[in-house]
Amino acid sequence: MLYAALLAVAPTLGARVAAAVVTARIDGAEAGLAALPAHAEGFQPYWAARAGLLAEAGQDAGEAYARAIALADDDGVIGFLRGRAAVHARSH
């Protein structure tokens, strides 16, 4: 409900990606993937969210993790995503 109100007031790309992640927590990873906005190819949080949701859905998330890492400019974020990608690669 909170994200629906946020999207009504400020339908930014970041808010739409965050709302898709909330959708995944409520309705499952597949629903979250379906809710991710289109035309977000250059938006790093989109790729990080997509990678996490693909991994959660048991799908190949390698390319999405690679894109999220390539677009990241913070060493902590890069390290976190590399760790997640490594865990996913071992389990996939």
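Everything quoted here is computed from the prediction, not taken from an experiment.

Trainee: Please give an account of a nonpolar patch on the surface that cites residues and values.
Mentor: On the surface, Leu2, Tyr3 and Leu6 cluster together into a nonpolar patch covering about 290 Å² of accessible area. Given the relative accessible area of 31%, Tyr3 is considered partly exposed.

Trainee: Give me the lowdown on the nonpolar core, citing residues and values where you can.
Mentor: Counting residues in each nonpolar core, the largest one holds 21 residues, and the members touching the most others are Leu36, Tyr46 and Tyr65. Elements with a contribution of two residues or more to this core: helix H2 (13-27), helix H4 (44-56), helix H5 (62-71) and helix H6 (75-91). When residues of this core are assigned to their parent elements, the largest contribution, six residues, is made by H4. If sequence neighbours within four positions are ignored, Tyr65 has contacts with Ala51, Gly52, Ala55, Leu81, Arg84, Ala85 and His88.

Trainee: A description of the packing of H5 against H6 should follow, citing residues and the corresponding values.
Mentor: Running from N to C, H5 and H6 point in directions that differ by 170°, and their axes come no closer than 9 Å. When the interaxial angle is binned, H5 and H6 end up roughly antiparallel. Seen from H5, the contacting residues are Gly62, Tyr65, Ala68 and Ile69; seen from H6, they are Ile78, Leu81, Arg82, Arg84, Ala85 and His88. Along the lines of polarity and charge, the residues of the contact of H5 with H6 split into six nonpolar, two polar and two charged.

Trainee: I'd like a description of the pattern of salt bridges, backed by residues and values.
Mentor: What the rule picks out here adds up to one salt bridge. With its nearest N and O atoms 2.8 Å apart, the salt bridge here joins Arg25 to Glu56. Of the two residues, Arg25 is situated in helix H2 and Glu56 in helix H4; the sequence distance between them amounts to 31 residues. Overall, Arg25 belongs to the exposed group, its relative accessible area being 55%.

What counts as what
- Residues numbered from 1 in each chain as written.
- Predicted model: local features only at pLDDT ≥ 70, side-chain atom pairs only at ≥ 80, totals over all residues.
- Heavy atoms only, no water.
- Patch = residues over 30% accessible without salt bridge, like charges linked within 9 Å, V, L, I, M, F, W, Y side chains within 5 Å.
- Areas by Shrake-Rupley, 256 points an atom, 1.4 Å probe, with all protein chains shown as cover.
- Salt bridge = Lys/Arg side-chain N within 4 Å of Asp/Glu carboxyl O.
- Buried < 20%, exposed > 50% of the residue type's maximum accessible area, 1.4 Å probe, protein only.
- Core = buried A, V, L, I, M, F, W, Y, C linked by side-chain atoms within 4.5 Å.
- Helix = DSSP H or I, 4+ residues; strand = E, 2+ residues; numbered from the N terminus.
- Contact = heavy atoms within 4.5 Å.
- Axes fitted to C-alpha atoms, helices over the stretch in contact; angles between N-to-C directions.
- Parallel < 35°, antiparallel > 145°, perpendicular 65-115°, else oblique.
- Nonpolar A, V, L, I, M, F, W, Y, C, P; charged D, E, K, R; others polar.

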